[in-house]
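# Observations on chain architecture
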Amino acid sequence: MTSTSRRRVRLWFGPHQIADYIGDQPGASRHEAAMRRRFPGLEITNDPLPVTARPADYSPADLHR
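Residues numbered from 1 in each chain as written. Predicted model: local features only at pLDDT ≥ 70, side-chain atom pairs only at ≥ 80, totals over all residues. Heavy atoms only, no water.

### Some thoughts on the overall build of the protein chain
Basically, it comes down to this: Only runs of H or I of at least four residues qualify as helices and only runs of E of at least two qualify as strands under DSSP, and these elements are numbered from the N terminus. When a residue's accessible area, from a 1.4 Å probe over protein chains only, is under 20% of the maximum for its type it is buried; when over 50% it is exposed; and in between it is partly exposed. In this analysis, two residues are considered to be in contact whenever any of their non-hydrogen atoms come within 4.5 Å of each other. Calculation of accessible area relied on Shrake-Rupley with a 1.4 Å probe; when residues are assessed, cover is drawn exclusively from the protein chains displayed.
Assigned secondary structure in the protein chain consists of one helix and three strands. Along the protein chain, helices (α) and strands (β) appear in the sequence β-β-α-β when read from the amino end. A total of 65 residues make up the protein chain; the buried ones form 28% of that total. Sequence-distant contacts in the protein chain: of pairs separated by 6 or more residues, those separated by 24 or more amount to 50%. Surface exposure of the protein chain reaches about 4400 Å², of which carbon and sulfur atoms provide 58%.

Here it is in structure tokens:
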């Protein structure tokens, strides 16, 4: 898996991020679909993960917008 195919799926309650998933494109799509079924009224984002970023590069401060 290349870093360019990694995605970040986040679930938002207003300005607060309440869930975060980082994975490959197919896994991120499945996760997004599951979150949309489970939480139909909340915002869900599915963004490409920057090539320079790795999951270990994120700190708890990244959980806030």
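### A look at the pattern of salt bridges
Our working definition: Throughout this description, the term salt bridge denotes a Lys or Arg side-chain nitrogen within 4 Å of a carboxyl oxygen of Asp or Glu.
Applying the stated criterion to the full structure yields three salt bridges. Among the ionic pairs, aspartate 47 bridges to arginine 10, the shortest N-O distance being 3.8 Å. Of this pair, aspartate 47 sits in strand β3 (residues 43-48) while arginine 10 sits in strand β1 (residues 6-13); the two residues are 37 residues apart in sequence, bridging distant segments of the chain. Residue glutamate 32 is joined to arginine 36 by a salt bridge in which the shortest nitrogen-to-oxygen separation is 2.9 Å. You can see glutamate 32 and its partner arginine 36 sitting in helix α1 (residues 25-38), four residues apart, about one turn around the helix.

### Considering the environment of threonine 45
The criterion, for reference: Counting of polar contacts relies on pairs of N or O atoms within 3.5 Å, with two restrictions inside protein: one atom must be capable of donating a hydrogen and the other of accepting it, and residues adjacent in sequence are counted only when both atoms are side-chain atoms.
Mapping threonine 45 onto the fold places it in strand β3. The spacing of threonine 45 and tryptophan 12 is 33 residues in sequence and 8.1 Å in space, taken between C-alpha atoms. Only 3.2 Å separates the side chain of threonine 45 from the side chain of tryptophan 12, close enough to count as a polar contact.

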